[in-house]
Amino acid sequence: LFTGLAETLPKPSGNIRLSVLNRDDSSFQYLQSVINTPVLTYGLSSDAAFYAENVVQHPEGLSFRLVGEGVSLEVKSRLYGLFNVSNMLAAGVVAIAGLGLDPMAVVAGIANLPGVPGRMENIALGQPFVAMVDFAHTPNALKVALITAREMLFALANSENRQAGRLIAVFGSAGLRDKEKRRMMAEVSAELADLTILTAEDPRTESLDGILKEMLDGATSKGAVEGENVWRVRDRGNAIREALKMALPGDLVIACGKGHEQSMCFGVTEYLWDDRTAMRAALSELLGLDGPKMPYLPTSDEG
């Protein structure tokens, strides 16, 4: 893509031919060496041509100052995580330096983005802790989600001058899919979360108990102890309920693996399921509020 950019045919609108590279990425040195077009860099340090400073994360999103060639802009967003700061920097460099758009229009566009459904989505019904839903369903994605959640906990604690709360993770691993990731995801959570609840996530025709046992083995291999900081709860709705009951003021509960998806497969049947609805239902029950009903799963009558 980058080497071909230098050879693009002329276009009526002109040829920008600008390469925009992430200065923090491991690919940077290699890509820089093979590119034959003008290059602009972005990153989380001043080594980049455009960079972020004064990054602040909180339950409503994040803010930072975008600093670069001729610009110094306050950026606010409803997205979460340092990876999204990088994404916003990339978009900002392309829009401002590459396309010549009005910097204030770019800042407004970022601020107006409501967030990506099911991606670090904050579910707030007035509870004294943070509740989130994320799509992370691989070991690396779960690692990024939990690190981001931990960053939020520290940022929130610093803003309120108190000790950081605990991170409580709820997730499963799909049946008839990569079996290696079951242990790996549980290992990641055992290392990065304070409390872990292992539950159903599209078991399909595999044994749900078998999947949970494989995950538990991964967690205990990293020192987790069942009944103390890791639990198996077959029903996903009950798993979310249990996580919320465990949460203390200042904690963060995150349900990972389903995100925006609208069903869960048991056997060969797809049951209507939405983690966001489930989180709202469980929170409503906990807080004594009117809210949606917990979606039904074949495991719904279990404890």
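Refer to the structure above for everything that follows.
Residues numbered from 1 in each chain as written. Predicted model: local features only at pLDDT ≥ 70, side-chain atom pairs only at ≥ 80, totals over all residues. Heavy atoms only, no water.

Here the largest pocket defines a volume of roughly 420 Å³. Along the wall of the largest pocket there are 23 residues; nearest its centre are N84, V116, R119, M120 and D134. For the lining of the largest pocket, the secondary structure elements donating two or more residues are α3 (82–98), β6 (121–122) and α5 (139–159). Considered as a void within the structure, the second largest pocket measures approximately 160 Å³ in volume. (1 Å grid on protein atoms, 1.4 Å probe; cavity = no way out; pocket = protein on both sides within 12 Å on 5 of 7 lines; lining within 4 Å. Points joined across faces, edges and corners; volume = space filled by probe spheres on them. Helix = DSSP H or I, 4+ residues; strand = E, 2+ residues; numbered from the N terminus.)

This paragraph deals with helix α7 (residues 208–220). Over its 13 residues, α7 extends 18 Å from the first C-alpha to the last, a length consistent with the 18 Å expected when each residue adds 1.5 Å. Within α7, burial applies to L208, I211, L212, M215, L216, G218 and A219. Along the axis of α7, the buried residues cluster in a sector spanning 155 degrees; they form a single face. Residues of α7 that are buried in the fold lie against β8 (167–171), α6 (180–192), β9 (195–198), β10 (230–232) and β12 (263–266). Capping the start of α7 is the job of one residue whose side-chain oxygen sits 3.4 Å from the backbone nitrogen of D209: S207. (Expected span 1.5 Å × (residues − 1). Buried < 20%, exposed > 50% of the residue type's maximum accessible area, 1.4 Å probe, protein only. Arc of directions from axis to C-beta. Contact = heavy atoms within 4.5 Å. Polar contact = N/O pair within 3.5 Å; in protein donor to acceptor, adjacent residues only side chain to side chain.)

Looking now at the sheet that holds β10. Working definition: the strands of a sheet are paired by backbone hydrogen bonds and lie parallel or antiparallel to each other. Read across the open sheet, the six strands follow the order β6-β7-β11-β8-β9-β10; overall the sheet is mixed. Lying at the two open borders of the sheet, with one neighbouring strand each, are β6 and β10. Relative to strand β11 (residues 252–256), β8 runs parallel, the two being bridged by four bridges. Residue V170 lies in a different strand from β11, and its bridge partner there is A255. Running over the sheet, α5 touches β7 (130–134), β8 and β11 and is turned about 165 degrees from β11. Here helix α8 (residues 236–246) sits on the sheet in contact with β7, β8, β9, β10 and β11, set at roughly 175 degrees to β8. (Pairing = 2+ DSSP bridges. Axes fitted to C-alpha atoms, helices over the stretch in contact; angles between N-to-C directions.)

Once that is clear, we can look at the nonpolar core. Counting 58 residues, the largest nonpolar core has I240, L244, L252, I254 and M279 as its most contacted members. Ranked by the residues each element gives to this core, the list is headed by α5, at seven residues. Counting 22 residues, the second-largest nonpolar core is a separate cluster that includes L73, I96, V106 and I110. (Core = buried A, V, L, I, M, F, W, Y, C linked by side-chain atoms within 4.5 Å.)

In this section: the packing of α5 against α6. Interhelical geometry of α5 versus α6 gives an angle of 15 degrees and a closest axis separation of 9 Å. Looking at the two axes, α5 sits roughly parallel to α6. Handedness of the crossing formed by α5 with α6: right-handed. Where α5 approaches α6, its residues P139, L142, K143, L146, I147 and R150 are matched on the opposing element by K181, M184, M185, V188, S189 and L192. (Parallel < 35°, antiparallel > 145°, perpendicular 65-115°, else oblique. Left-handed = near helix turned anticlockwise from the far one by under 90°.)

What follows concerns α3. For α3, spanning 17 residues, the distance from its first C-alpha to its last is 23 Å, which sits close to the expected 24 Å at 1.5 Å a residue. Every buried residue of α3 is accounted for by N84, V85, S86, M88, L89, A90, G92, V93, A95, I96 and G98. Lining the buried residues of α3 we find β1 (19–22), β2 (39–43), β3 (50–58), β4 (61–68), β5 (71–77) and α4 (103–112). Just downstream of α3, G100 is the residue with a positive phi angle, here 70 degrees.

Attention now moves to the side chain of Q57. Considering the arrangement of structural elements, one finds Q57 in strand β3. Note on Q57: relative accessible area 9%, which makes it buried. Of note is the side chain of Q57, whose polar atom sits 3.1 Å from the backbone nitrogen of G81. Within the local environment of Q57, its side chain forms a polar contact with the side chain of E151, the two groups lying 3.1 Å apart. Apart from residues lying up to four places away in sequence, Q57 is in contact with L62, Y80, G81, L82, T148, E151, M152, A155 and L156.

So, on to the packing of aromatic side chains. Pairs of aromatic rings are described using the distance from one ring centre to the other and the angle between the two planes. Enumeration over the complete set of coordinates arrives at two aromatic pairs. Centroid distance F266 to Y271: 6.2 Å. Interplanar angle 85 degrees. Geometry classified as edge-to-face. The exposure class assigned to F266 is buried, which follows from its relative accessible area of 12%. Through successive ring pairs, a cluster of aromatic residues spans F266, Y271 and Y296. (Phe/Tyr/Trp six-rings, centres within 6.5 Å; stacked < 30°, edge-to-face > 60°.)

This part covers the packing of α6 against α7. Direction vectors running N to C along α6 and α7 enclose 45 degrees, while the axes themselves pass 7 Å from each other. For the element pair α6 / α7, the angle class is oblique. In this structure, the crossing between α6 and α7 has a hand that is right-handed. Counted together, R182, R183, A186, E187 and A190 of α6 and I211, E214, M215, D217, G218 and A219 of α7 form the full contact between these two elements. Considered class by class, the residues forming the contact of α6 with α7 number five nonpolar, one polar and five charged. (Nonpolar A, V, L, I, M, F, W, Y, C, P; charged D, E, K, R; others polar.)

Another point: the sheet that holds β3. The strand order across the open sheet built from five strands is β1-β2-β3-β4-β5, with neighbouring strands paired in mixed fashion. The strands lining the two open edges of the sheet, one partner per strand, are β1 and β5. Strand-to-strand twist in this sheet, taken as the mean axis angle between neighbours without regard to direction, amounts to 20 degrees. Sheet topology places β2 next to β3; two bridges connect them, and they run parallel. Residue G43 lies in a different strand from β3, and its bridge partner there is Y51.

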